[in-house]
Amino acid sequence: MIGLISATAAGAAARDRLAAAWPERTRVYEGPVGDAVRAAFAECEQLVCFLATGAVVRLLAPLLADKATDPGVVCVDEGGRFAVSLVGGHGGGANELAGEVGELLGATPVVTTATDAVGLPGLDTLGMPVEGDVAGVSRALLDGEPVALDAESAWPLPPLRVAAEGSYVIRVSDRLVEPAPHEVVLRPPSLVVGVGASKGASVDEVLELVEGALGDAGLSAKSLAELATVDAKAGEPGIVEAAARLGVPVVTYCAEELAKVEVPNPSDAPLAAVGTPSVAEAAALVRGGELLVPKRKSARADGHASMATCAVVRRPGRGRLAVVGLGPGARDLVTPRATAELRRASVLVGLDQYVDQIRDLLRPGTLVLESGLGAEEERARTAVAEARKGQAVALIGSGDAGVYAMASPALAEASDDIDVIGVPGVTAALAAGAILGAPLGHDHVSISLSDLHTPWEVIERRVRAAAEADLVVTFYNPRSRGRDWQLPKALAILAGHREPGTPVGVVRNASRPDESSLLTTLASLDPATVDMMTVVTVGNTATREIAGRMVTPRGYRWQTSQEGAK
């Protein structure tokens, strides 16, 4: 919850704008400002104070305890010009909140955290526990001193600007090791504990068993990702409460799935009870990994029979491939999600001209692998290969990644050994449609006229089907120097089913500085004015030019009524 505090009418107006925009996220605190700040600080994860920073500093000073637990605090000035991340920039999420508040109120976010200021990810913002000399290693990164990365297992990290050797070290480990001087240890969520329990097993028995298994194996509980069990035990109080105390989810699998997992220590007891010869080992191993601790039973001081079993598995880090659509070219049409994925990636793969468009969005240290036109399949293979090394990879393309872009070749190359994330973008048909008016208001189809990979016979059959179905048609890749007859042929097919006056929109370089557009007709379009940077949209029999705009009605009722009134 975000607490909102203000002291003036102007502050209250801005406060109320946030409250209206985020009704489920915010709570307004009324009354004396000091009392409001103290109450919000105790009750909320974050605060937005519409007060002077000096006043907020004085009010917060007695309340601050630890940056890992203190709420994030953002200050907004009286004029609503700045949203200042004051306290808890990383741990409390104030840096991100300042950006959100700034976007909503039209204010400039002010972030003074050193790593954020120079584009480096903070070591405490990587989504995993961190121990050791965080300040010292962060300072070394900022100062350009050599910082070595010692990853005991591959994990998809953002670019950290590390070297092969250095007097400062970032270690990635799930082992129970103490950080050395000038070292931080990142704890990846690589450990899974499978748990079996009899009905009524106590939380203390389960918790002692899990913690003992991890400790005896020299493993850190901070790298625990989940407790896994059979679905029949999904609500077992001892397992549920143990997971809650460990701060991890309970993940369950059906008995049939667990019964298929080969384990070293099957047993007749769980087979009779829940339908699988193994719960702990099978639940830990079902998604693969290395069995570090075979099944072990809990030990009870009262001498009664054990009521819980567990096994520990280390799952390897999975590489991460984000296939990112950059939109048609304009920076403000690059989505926030695309920007976040670009900044998360340690490896960027893309066409050189697209890389140039977004190079300034990349974090320092990002490995850029760029190539020229015609190397799409090579780029897809490269991106997948880098992800298989455990890297966080972004593969970029223009428009939407799934529309005549990089998603298809990448997913054809990828298997289930990496995580693939699709990031949608504004595709050329949508960008052109917005410029023309509303040509895609009813059923429509996009067809590429490039026969480099698709036989013309197939393309022609699709154009003919679209013509017969009376669909609005958007042509991608309509004409190049070596392919100058396909567009006239496609237009002739459509002309066999539509009137000569059917509106046609031609948009070149949609959303870019040299954007141009033309609204013409099927009979008047000159194919020689079209090139590969152009999108051609041909209306259906209902499409009209209205006030200089191309409009396809969502339904046909208003068209019929208009024609009947003539």
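Below: a short report on this structure. (Residues numbered from 1 in each chain as written. Predicted model: local features only at pLDDT ≥ 70, side-chain atom pairs only at ≥ 80, totals over all residues. Heavy atoms only, no water.)

What to know about the overall build of the protein chain
(1) Moving on: Across its full length, the protein chain carries 19 helices and 28 strands.
(2) Moving on: Expressed as a percentage of its 566 residues, the buried residues of the protein chain come to 46%.
(3) Moving on: Counting every atom, the protein chain has about 26,300 Å² of accessible surface; 52% of that belongs to carbon and sulfur.
(4) Moving on: Averaging the coordinates of the 52 positive side-chain charges in the protein chain and doing the same for the 70 negative ones gives two points 3 Å apart. (Helix = DSSP H or I, 4+ residues; strand = E, 2+ residues; numbered from the N terminus. Buried < 20%, exposed > 50% of the residue type's maximum accessible area, 1.4 Å probe, protein only. Areas by Shrake-Rupley, 256 points an atom, 1.4 Å probe, with all protein chains shown as cover. Lys, Arg positive; Asp, Glu negative; His and termini not counted. Charge placed at Lys NZ, Arg CZ, Asp CG, Glu CD.)

Digging into the sheet that holds strand E1 (residues 2-6)
(1) Moving on: With mixed pairing, the six strands of this open sheet are ordered in space as E2-E1-E3-E4-E5-E6. Strand pairing shows two members of the sheet lacking a second neighbour, strand E2 (26-28) and strand E6 (108-110), which therefore form its edges. Neighbouring strand axes in the sheet, compared pairwise and without regard to direction, differ in orientation by 25° on average.
(2) Moving on: Examined bridge by bridge, E1 and E2 share three bridges and lie parallel to one another. Across the sheet, the residue bridging to Gly3 is Arg27, located in E2.
(3) Moving on: Across the sheet, helix H2 (residues 33-43) touches E1, E2 and strand E3 (46-50), and the angle it forms with E1 is around 175°. (Pairing = 2+ DSSP bridges. Axes fitted to C-alpha atoms, helices over the stretch in contact; angles between N-to-C directions. Contact = heavy atoms within 4.5 Å.)

Some details on the pattern of salt bridges
(1) Moving on: Within the structure shown, the criterion is met by 29 salt bridges.
(2) Moving on: The partner of Asp16 in a salt bridge is Arg15, and the shortest N-O contact between them spans 3.0 Å.
(3) Moving on: For Arg15, a relative accessible area of 8% gives the class buried.
(4) Moving on: Of the charged contacts in the structure, one is a salt bridge between Asp356 and Arg359, with a shortest N-O distance of 2.8 Å.
(5) Moving on: Overlapping salt bridges bring together Arg15, Asp16 and Glu30 as one network. (Salt bridge = Lys/Arg side-chain N within 4 Å of Asp/Glu carboxyl O.)

Some remarks on the environment of Arg171
(1) Moving on: On the secondary structure map, Arg171 appears in strand E9 (residues 168-172).
(2) Moving on: Along the sequence, Arg171 and Val184 sit 13 residues apart, while their C-alpha atoms lie 6.1 Å from each other.
(3) Moving on: Setting aside chain neighbours within four positions, we find Arg171 in contact with Asp150, Glu152, Val177, Glu183, Val184, Val185 and Leu186.
(4) Moving on: A polar contact of 3.4 Å, which involves the side chain of Arg171, links it to the side chain of Glu183. (Polar contact = N/O pair within 3.5 Å; in protein donor to acceptor, adjacent residues only side chain to side chain.)

Quick look at helix H14 (residues 376-388)
(1) Moving on: Along its 13 residues, H14 runs 19 Å from first to last C-alpha, staying within 8% of the 18 Å computed at 1.5 Å per residue.
(2) Moving on: Along H14, the positions that sit buried rather than exposed are Arg379, Ala380, Ala383, Val384, Glu386 and Ala387. Projection of H14 onto a plane perpendicular to its axis shows the buried side chains occupying an angular sector of 160°, all on one side.
(3) Moving on: Where H14 is buried, its residues contact strand E16 (320-325), strand E17 (347-351), strand E18 (367-371), strand E19 (392-397) and helix H15 (407-413).
(4) Moving on: At the C-terminal side of H14, Gly390 shows a positive phi close to 95°. (Expected span 1.5 Å × (residues − 1). Arc of directions from axis to C-beta.)

Quick notes on the pairing of strand E13 (residues 250-253)
(1) Moving on: As judged from the four bridges shared by strand E12 (residues 224-230) and E13, these two strands associate in the parallel manner. By the bridge assignment, Val230 is partnered in E13 with Tyr253.

Observations regarding unusual backbone geometry
(1) Moving on: One non-glycine residue, Asp470, lies in positive phi territory at about 60°.
(2) Moving on: As for its placement among the helices and strands, Asp470 is situated in the loop between helix H17 (456-468) and strand E23 (472-476).
(3) Moving on: Positive phi is not limited to glycine here, since Asn477 has a value of about 45°.
(4) Moving on: Mapped onto the fold, Asn477 is located in the loop between E23 and helix H18 (486-495).
(5) Moving on: A relative accessible area of 23% places Asn477 in the partly exposed class.

Overview of the nonpolar core
(1) Moving on: The biggest cluster of nonpolar side chains holds 24 residues, and the ones touching the most others in it are Val193, Val210 and Leu227.
(2) Moving on: The set of elements that each furnish at least two residues to this core consists of strand E11 (191-197), helix H7 (203-216), E12, helix H8 (237-246) and strand E15 (308-314).
(3) Moving on: The element best represented in this core is H7, accounting for seven residues.
(4) Moving on: Apart from residues lying up to four places away in sequence, Leu227 is in contact with Val193, Val195, Val210, Ile239, Ala242, Ala243, Leu246, Val248, Pro249, Val250 and Val251.
(5) Moving on: Counting 21 residues, the second-largest nonpolar core is a separate cluster that includes Leu449, Val463, Ala467 and Val473. (Core = buried A, V, L, I, M, F, W, Y, C linked by side-chain atoms within 4.5 Å.)

Focus: the packing of aromatic side chains
(1) Moving on: Enumeration according to the criterion identifies two aromatic pairs in this entry.
(2) Moving on: Here Trp456 and Trp485 contribute two aromatic rings whose centre-to-centre distance is 5.1 Å and whose plane-to-plane angle is 70°, an arrangement assigned as edge-to-face. With a gap of 29 residues between them, Trp456 in helix H17 and Trp485 in the loop between E23 and H18 connect regions that are remote in the sequence.
(3) Moving on: For Trp456, a relative accessible area of 10% gives the class buried.
(4) Moving on: The positively charged end of Arg25 is found above the aromatic ring belonging to Trp22, 4.4 Å away from the centroid. (Phe/Tyr/Trp six-rings, centres within 6.5 Å; stacked < 30°, edge-to-face > 60°. Lys NZ or Arg CZ within 6 Å of the ring centre and 35° of its normal.)

Considering the sheet that holds strand E26 (residues 534-538)
(1) Moving on: Reading across the sheet, the five strands line up as E22-E23-E26-E24-E25 and stay open at both edges, with mixed pairing between neighbours. With one partner strand each, in any of the chains shown, strand E22 (444-448) and strand E25 (516-521) form the two edges of the open sheet. Direction aside, neighbouring strands of the sheet carry axes that sit 15° apart on average.
(2) Moving on: Here strand E24 (residues 503-508) pairs with E26 via five bridges, running antiparallel. Paired with Val506 across the strands is Val536, a residue of E26.
(3) Moving on: Against the sheet, H18 touches E23 and E26, its axis set at about 175° to E23.

With respect to the packing of helix H1 (residues 9-21) against helix H4 (residues 94-105)
(1) Moving on: Where H1 contacts H4, the axes come no closer than 11 Å and their chain directions differ by 105°. Classed by the angle they form, the pair H1 and H4 counts as roughly perpendicular. In this structure, H1 contributes Ala14, Arg17, Leu18 and Ala21 to the contact, and H4 contributes Val101, Leu104 and Leu105.
(2) Moving on: Tallied by class, the residues present in the contact of H1 with H4 amount to six nonpolar, no polar and one charged. (Parallel < 35°, antiparallel > 145°, perpendicular 65-115°, else oblique. Nonpolar A, V, L, I, M, F, W, Y, C, P; charged D, E, K, R; others polar.)

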